[in-house]
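Take a look at the letters that make up each chain.
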Amino acid sequence: MRRTIVAIVCAFSALALTGCVNEDPARESLGEASSQGAASQEESGADLTFAMVTHSGPGDAFWDIVKSGGEDAAALMDVTLTYQADPDPAQQSILIDNAVTQGVDGLIVSMANPDGLKEAIGAAVEAKIPVITINSGIERSAEFGAITHIGQSEERAGQRAGTYLAEAGKSRMICVIHEAGNIAQEQRCKGAAEAFDGQAQNVQVDIADLTSVQNTVAAKLQSDPSIDAVFTLNGSITTAAAKAIADAGSDAMLGGIDLNGDVVEAIRAGEVAFAVDQQPYAQGWLPVVFLTQKVRDAMEVGGGQPVYSGPMLVTADNVEEVADATTRGKH
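Our focus in this paragraph is the state of the cysteines. Throughout this description, disulfide means a covalent bond between two cysteine sulfur atoms. According to the stated counting rule, one finds one disulfide in the structure shown. Here cysteine 175 engages in a disulfide with cysteine 189; their sulfurs sit 2.0 Å apart. The disulfide joining cysteine 175 to cysteine 189 has a torsion of about -80° about its S-S bond and is therefore left-handed. Highlighted residues: cysteine 175 in strand 6 (residues 172-177) and cysteine 189 in helix 7 (residues 183-195), separated in sequence by 14 residues. Considered together, cysteine 175 and cysteine 189 belong to a single accessibility category, that of buried residues.

Next comes the structure, spelled out in structure tokens:
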């Protein structure tokens, strides 16, 4: 088993280190745990149960890929994985507390609001349950006692975008934040502004209403024709912004974070200049493999430092390399 796990980890760690958050934040009921194939895993004698508790869940295209990666890894590792989600940090903390009470063998948590989860994660660590954080909260992961964090540096992802737009000669950028209070999105905009030579301004929208997002961005572009760059932080928001740019008759360059099929097609068509990919499948797959290593073989990956799943810049030059994997739900 040790050789099998090591081989798998090596393969996917290589994927993560070559580079890699959110659609409509649908909420999963507090009492509902989800895991494809969990019953078959139990029948096969799976002896470990891991809980993945995130701030966004089913119905969110990005998190569906994270969940799929985790479930595929659980099936291969012969462990049981439960998945629950809630965008409210207080409710997410309850889900974590419940997992601790149930005595899970490992915990995987996203930290969009780290301070709101500190006590609950601390209780898991105190109970000797190994914790891996994913996606959000990279700066606080070690502080909270997690083994490692799997994701991208949000500020660095923003810097990649800001640098690209600056090198394209753009001078006035808007960064579209779609989840109020999400520290990761604020870090992305901050990184983009730091790397961008011109003026940068944040625009707040609500991802729950994509029509409103499109109208808000279009109105902003119409009211200020000097805006020549739009940076979005989510695949669906990128698509809405592309429509907004067309509606406004603007020539603004558009780039965003995260891939989906629509964004791939928009890059092919020249409507979107780039997407920063953080590889959500890897964010689901790797923590399950790493926790299995930790519990079964006393192998600890990361050494308290993050394992980066991105950022990878996808443009017209390399979009075909990831297009098929995106279609298969691997990006």
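This paragraph deals with unusual backbone geometry. At the junction of glycine 310 and proline 311, the peptide bond is cis and its omega measures out at 5° in the coordinates. Among the structural elements, proline 311 can be located in the loop between strand 11 (307-308) and strand 12 (312-314). Positive phi values are uncommon outside glycine, yet aspartate 78 reaches one of about 60°. As for its position among the elements, aspartate 78 is in the loop between helix 3 (61-77) and strand 2 (80-85). Given a relative accessible area of 25%, aspartate 78 falls into the partly exposed group.

Attention now goes to the nonpolar core. Within the largest apolar cluster, 31 residues are counted, with the highest numbers of intra-cluster contacts made by Val217, Leu221, Val230, Leu254, Leu259, Ile267 and Val314. Within the residue set of this core, elements represented by two or more residues are strand 6, helix 8 (210-223), helix 9 (235-248), helix 10 (261-269), strand 12 and helix 12 (319-327). Once residues lying within four places of it in the same chain are set aside, the contact partners of isoleucine 267 are Leu259, Val272, Phe274, Ala275, Val314, Thr315, Ala316 and Val319.

The next thing to look at is the sheet that holds strand 8 (residues 229-232). If you walk across this open sheet you meet the six strands as 7-6-8-9-10-12, and the pairing is mixed. Two strands in the sheet have a free side with no partner beyond their single neighbour: strand 7 (199-204) and strand 12. Mean inter-strand twist for the sheet, computed between neighbouring axes without regard to direction, equals 20°. Here three bridges tie strand 10 (residues 274-277) to strand 12, and the two strands are oriented antiparallel to one another. When the bridges of strand 12 are listed, aspartate 277 appears paired with methionine 312.

Before going further, it helps to examine the packing of aromatic side chains. One pass over the structure, following the stated rule, counts three aromatic pairs. Taken together, a centroid distance of 4.8 Å and an interplanar angle of 50° make the contact between tyrosine 164 and phenylalanine 274 tilted. Of the two residues, tyrosine 164 sits in helix 6 (residues 154-167) while phenylalanine 274 sits in strand 10, which places them 110 residues apart along the sequence. Residue phenylalanine 274 is classed as buried on the basis of its relative accessible area, which comes to 0%. Arginine 156 extends its terminal NZ or CZ atom over the ring of tyrosine 308, reaching a point 5.2 Å from the ring centre.

Our next topic: helix 6. Taking 1.5 Å per residue as the helical rise, helix 6 with its 14 residues ought to reach 20 Å, and the 20 Å between its terminal C-alpha atoms agrees with that figure. Those residues of helix 6 that sit buried are Glu154, Ala157, Gly158, Ala161, Gly162, Leu165 and Ala166. Buried residues in helix 6 make contact with strand 6, helix 7, strand 8, strand 9 (253-257) and strand 10.

Here we come to the sheet that holds strand 2. Taken together, the six strands give an open sheet; going across it, the order is 2-1-3-4-5-11, and neighbouring strands pair in parallel fashion. At either margin of the open sheet sits one strand with a lone partner, and together these are strand 2 and strand 11. Here strand 1 (residues 49-54) pairs with strand 2 via six bridges, running parallel. Residue pairing across strands places phenylalanine 50 opposite leucine 81, the latter belonging to strand 2. Packing of helix 11 (residues 280-297) onto the sheet brings it into contact with strand 1, strand 2, strand 3 (106-110), strand 4 (131-134), strand 5 (148-151) and strand 11, and relative to strand 5 it is tilted by some 155°.

Moving on: the layout of surface pockets. Quantified by volume, the largest pocket comes out at close to 230 Å³. Along the lines of polarity and charge, the residues of the lining of the largest pocket split into five nonpolar, five polar and one charged.

Among the five residues of strand 9, four are classified as buried, and the element is accordingly described as predominantly covered. Bridge analysis of strand 8 against strand 9 gives four bridges, and the strand direction is parallel. Residue pairing for strand 9: valine 230 is matched across the bridge by leucine 254. On the question of chirality, the crossover connecting strand 8 to the parallel strand 9 by way of helix 9 is right-handed. Alignment of strand 9 against strand 10, held across three bridges, turns out to be parallel. For glycine 256, the partnering residue across the bridge sits in strand 10 and is alanine 275. Since strand 9 and strand 10 lie parallel, the crossover through helix 10 that links them has a hand, and here it is right-handed.

Reading the values: rules and limits
- Residues numbered from 1 in each chain as written.
- Predicted model: local features only at pLDDT ≥ 70, side-chain atom pairs only at ≥ 80, totals over all residues.
- Heavy atoms only, no water.
- Disulfide = S-S within 2.5 Å.
- Helix = DSSP H or I, 4+ residues; strand = E, 2+ residues; numbered from the N terminus.
- Buried < 20%, exposed > 50% of the residue type's maximum accessible area, 1.4 Å probe, protein only.
- Core = buried A, V, L, I, M, F, W, Y, C linked by side-chain atoms within 4.5 Å.
- Contact = heavy atoms within 4.5 Å.
- Pairing = 2+ DSSP bridges.
- Axes fitted to C-alpha atoms, helices over the stretch in contact; angles between N-to-C directions.
- Phe/Tyr/Trp six-rings, centres within 6.5 Å; stacked < 30°, edge-to-face > 60°.
- Lys NZ or Arg CZ within 6 Å of the ring centre and 35° of its normal.
- Expected span 1.5 Å × (residues − 1).
- 1 Å grid on protein atoms, 1.4 Å probe; cavity = no way out; pocket = protein on both sides within 12 Å on 5 of 7 lines; lining within 4 Å.
- Points joined across faces, edges and corners; volume = space filled by probe spheres on them.
- Nonpolar A, V, L, I, M, F, W, Y, C, P; charged D, E, K, R; others polar.
- Right-handed = clockwise from strand over helix to strand, strands pointing away.

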